[in-house]
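Geometric and topological summary
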Amino acid sequence: MTDIGVGVGLIAIAAGLAMGLSALAAAIGEMAIGSAAVGATAEDRDMFGKGLILTVLPETLAIFGLVVAVLLWLKMP
Amino acid sequence: MKINPFRSEGRAKVAIRHFAYFNARVLAMRAKLLPKETYPKFLQMGIPEIARSLGESEYKTEIEQLGQKYRGVDLVEYSLNRNLATTFHGLIEKAQGELQSLLMDYMRYYDLENITTALRGKLSGISDEDVEEAIIPAGSLTDAQINKLIEASYDDTMEILRKMGYDEAVDLITDLPLPEVEDHLIKMYYANLLEKTSGGSKNMKMFHHFISIDIDFMNLINFLRLKRDNTPSTKVMEYMMPGGAQLPHKKLKELADLDMEEILTRIEGLAYFREHQGELTGEKDSLTALEASLLKFQLNYAVREARQNPLSILVVLSYILAKRVEVANIRNIVRGKEGDLPTELIRNQLVL
C-alpha cells in the first residue's frame, strides 16, 4: 500500500467533511421546504414550479461544499 | 370507562416537517379566502347574484349540490354551513398526531351548538327538516349521530346524550332553562381545552394561549352586551368565562362597576389594541360596530402571532378564525338583505 502521508490524509478527510456536512445541511433545509412545497402544490397545482425552485435552493450549500472539496482535492499532490 | 365528550385521546408530538407540509396547505387555503373587496361588491348585489358569485368561488361544490333544492337566502346559508363543515373536517383529516387531536377537540364547539340546536328545535316544535338545515356538522358527531339526535323524541334525546357522555348536561337540562345549559356546556368545553393544553409541548402551550385569547374576546363581547343592557355587575360576572389571557376574572370584576366609556378606555390599554388607540372608543355608540371591531382585532392579533410562528399550530387556528369570520360576513350580508336592512347597518356588522 502506498504511504500518502498525514498531511494528504488530513486534506482528504477535510474534503470529505466539506462535502458530507454541507450535503447534510442542504438535506435538513430541503426537508422542511420540500414538505411545504408538496403541501402547497396539493392545494394549488400552480405552486409546483415555485415549490420546486424553493426546494432546490438549499442545494447551493451542497454546491459550496463540493467547490471547497474540489479546491482541497486540487491541493493534493 | 366514562366517556369525556369534550376530549379525544392524547396523541404523539408532531414533527416540524409535518407542520411545514400542513401549514403550507393551510396558507394556500387562506389565500383562497374571499378578498376584502368582495364584501362591498356583495353589499351592492341582490341575494341571487351573491349566490351566483359564490358559485364561482370556493363554495362552488356546495352551491351546485344544494342549488337543486334551495333558492336565495336558504341556498347561501346551507352552502355556507356545509362548506364550513367540509373545510374543517378536511383540516382534521390532513393533520397528524397531537395536532389532529387538538383540532378535533377545538371543533367540538360545533357538537355543542348542534346539540343545543336539536334540543331547541324539539322544545319549540320546529320541523326536523328545519333543524337539520340549521346544523353545522363540523364537530366530532357523525351524520348518523346528528340524524339520530334530530329524529329522536325529547326523552330519547336525553338517553342518546347520556350515551355520548353528556351526563352532566342532561342533569342540568332538567333543572335549568336551555340558554343556561348552553352557557354551562360552553364553559365546560373551554375548561376542558384549557386543562388539556396546560403544560406539554410548545404547540400545546400556543394552543392554550390562543384559547385564552378566544376567551378574552368572547368575554369582552358578552361583557359589553350585558353592560349595555344595564345588567347588574354580579349578574354580569356569572356569564364570564374563567381563563382569559389578559382579562382574568379579577380584572373583569373591576371593570364591571365602571361606566361604558371608562370600560372602553381601560380595555384599550390591553396589548390587543395598543397600536390602535381610540378605535374602540370611536365605536362606542354602536354595539354592533364595537363587536365587529373586537372580532377584527382578534383576527388581526391571531394572524400576527401566526406570522411570527410559521411552523406552529397558530397558523391553522388563525385560518379557522378567518374562515369563520368570512362565513359570518356573508351570512350577515344575506340575512341583512333579506330583512331589508339599510346597507350602512349591514356594513357595520362586517369584519373587514
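Residues numbered from 1 in each chain as written. Chains lettered and ligands numbered in written order. Predicted model: local features only at pLDDT ≥ 70, side-chain atom pairs only at ≥ 80, totals over all residues. Heavy atoms only, no water.

Further remarks concern the overall build of chain A. Along chain A, the regular secondary structure elements total 3 helices and 0 strands. Of the regular secondary structure in chain A, the N- to C-terminal order runs α-α-α. When its C-alpha atoms are laid out on the principal axes, chain A stretches across 60 × 15 × 15 Å. Within the span of chain A, comprising 77 residues, buried residues form 23% of the whole. Intrachain contacts of chain A at a sequence separation of at least 6 include 79% that bridge at least 24 residues. Here chain A has roughly 5,300 Å² of accessible surface; of this, 78% comes from carbon and sulfur atoms. (Helix = DSSP H or I, 4+ residues; strand = E, 2+ residues; numbered from the N terminus. Buried < 20%, exposed > 50% of the residue type's maximum accessible area, 1.4 Å probe, protein only. Contact = heavy atoms within 4.5 Å. Areas by Shrake-Rupley, 256 points an atom, 1.4 Å probe, with all protein chains shown as cover.)

All names here are of chain B. A cluster of acidic residues, Asp74, Asp128, Glu129, Asp130, Glu132, Asp143, Glu151 and Glu338, forms a negative patch on the protein surface. Secondary structure elements with two or more residues in the negative patch: helix 7 (128–134) and helix 8 (143–151). Here aspartate 128 shows up in helix 7. (Patch = residues over 30% accessible without salt bridge, like charges linked within 9 Å, V, L, I, M, F, W, Y side chains within 5 Å. Salt bridge = Lys/Arg side-chain N within 4 Å of Asp/Glu carboxyl O. Lys, Arg positive; Asp, Glu negative; His and termini not counted. Charge placed at Lys NZ, Arg CZ, Asp CG, Glu CD.)

Let's shift gears to the side chain of B:Lys196. All names here are of chain B. Structurally, lysine 196 is set in helix 11 (residues 178–197). Engagement of the side chain of lysine 196 in a polar contact is seen with the side chain of aspartate 105, the distance being 2.6 Å. When near neighbours in sequence (up to four residues on either side) are disregarded, lysine 196 contacts Arg7, Ser8, Ser101, Leu102, Asp105 and Met204. (Polar contact = N/O pair within 3.5 Å; in protein donor to acceptor, adjacent residues only side chain to side chain.)

Turning next to the packing of helix 1 (residues 6–43) of chain A against helix 2 (residues 47–56) of chain A. Residues and elements named next belong to chain A. It is the contact of helix 1 with helix 2, at a shortest axis distance of 9 Å, that shows an interaxial angle of 180°. The pairing of helix 1 with helix 2 is recorded here as roughly antiparallel in orientation. Across the interface between the two elements, Glu30, Ile33, Gly34, Ala37, Ala40 and Thr41 from helix 1 touch Met47, Phe48, Gly51, Leu54 and Thr55 from helix 2. (Axes fitted to C-alpha atoms, helices over the stretch in contact; angles between N-to-C directions. Parallel < 35°, antiparallel > 145°, perpendicular 65-115°, else oblique.)

Here we take up the domain arrangement of chain B. Residue and element names in this part refer to chain B. According to the domain assignment, chain B consists of domain 1 (1–9 + 95–197), domain 2 (34–94 + 321–352) and domain 3 (201–312). Taking the mean C-alpha position of each, domain 1 and domain 3 sit 26 Å from one another. With 11 residues of domain 1 at the interface, the matching set in domain 3 holds 18 residues. Interface area, domain 1 with domain 3, both sides summed: about 1,400 Å², of which 70% is carbon and sulfur. For the side of domain 1 that touches domain 3, the secondary structure elements donating two or more residues are helix 6 (97–124) and helix 11. In the side of domain 1 that touches domain 3, the residues fall into 6 nonpolar, 1 polar and 4 charged. (Domains from an automatic or database assignment. Buried area = accessible area lost by both parts, 1.4 Å probe. Nonpolar A, V, L, I, M, F, W, Y, C, P; charged D, E, K, R; others polar.)

Take unusual backbone geometry next. Residue and element names in this part refer to chain B. Unusually for a residue other than glycine, asparagine 230 sits at a positive phi of about 55°. For asparagine 230, the location among the structural elements is in the loop between helix 12 (202–228) and helix 13 (233–238). Looking at asparagine 230, the relative accessible area reads 67%, which means it is exposed. Despite not being glycine, aspartate 340 has its phi angle at roughly 55°, a positive value. Along the chain, the position of aspartate 340 falls in the loop between helix 18 (314–338) and helix 19 (343–349).

Contacts between chain B and chain A engage 9 residues on the former and 9 residues on the latter. Here chain B and chain A share an interface that buries about 790 Å² over both sides, 68% of which is from carbon and sulfur atoms. Broken down residue by residue, the surface that chain B buries against chain A is led by B:Arg17, B:Tyr21 and B:Arg25, which jointly contribute 47%. At 7 residues, helix 1 (residues 16–31) of chain B tops the list of elements feeding residues into the side of chain B that touches chain A.

So, on to the packing of aromatic side chains. Residues and elements named next belong to chain B. Counted under the stated rule, the structure contains 7 aromatic pairs over all chains. Ring geometry for tyrosine 106 versus phenylalanine 207: centroids 5.8 Å apart, planes at 85°, classification edge-to-face. Here tyrosine 106 is found in helix 6, whereas its partner phenylalanine 207 is found in helix 12, with 101 residues between them in sequence. Tyrosine 106 gets classed as buried once you look at its relative accessible area, which sits at 1%. For phenylalanine 207, a relative accessible area of 0% puts it in the buried group. Note on tyrosine 106 and phenylalanine 210: the rings are 6.2 Å apart at their centroids and 80° apart in plane angle, and the pair reads as edge-to-face. With tyrosine 106 in helix 6 and phenylalanine 210 in helix 12, the pair connects residues that are 104 residues apart, well separated along the chain. No difference in accessibility class separates tyrosine 106 from phenylalanine 210, as the two residues are buried. (Phe/Tyr/Trp six-rings, centres within 6.5 Å; stacked < 30°, edge-to-face > 60°.)

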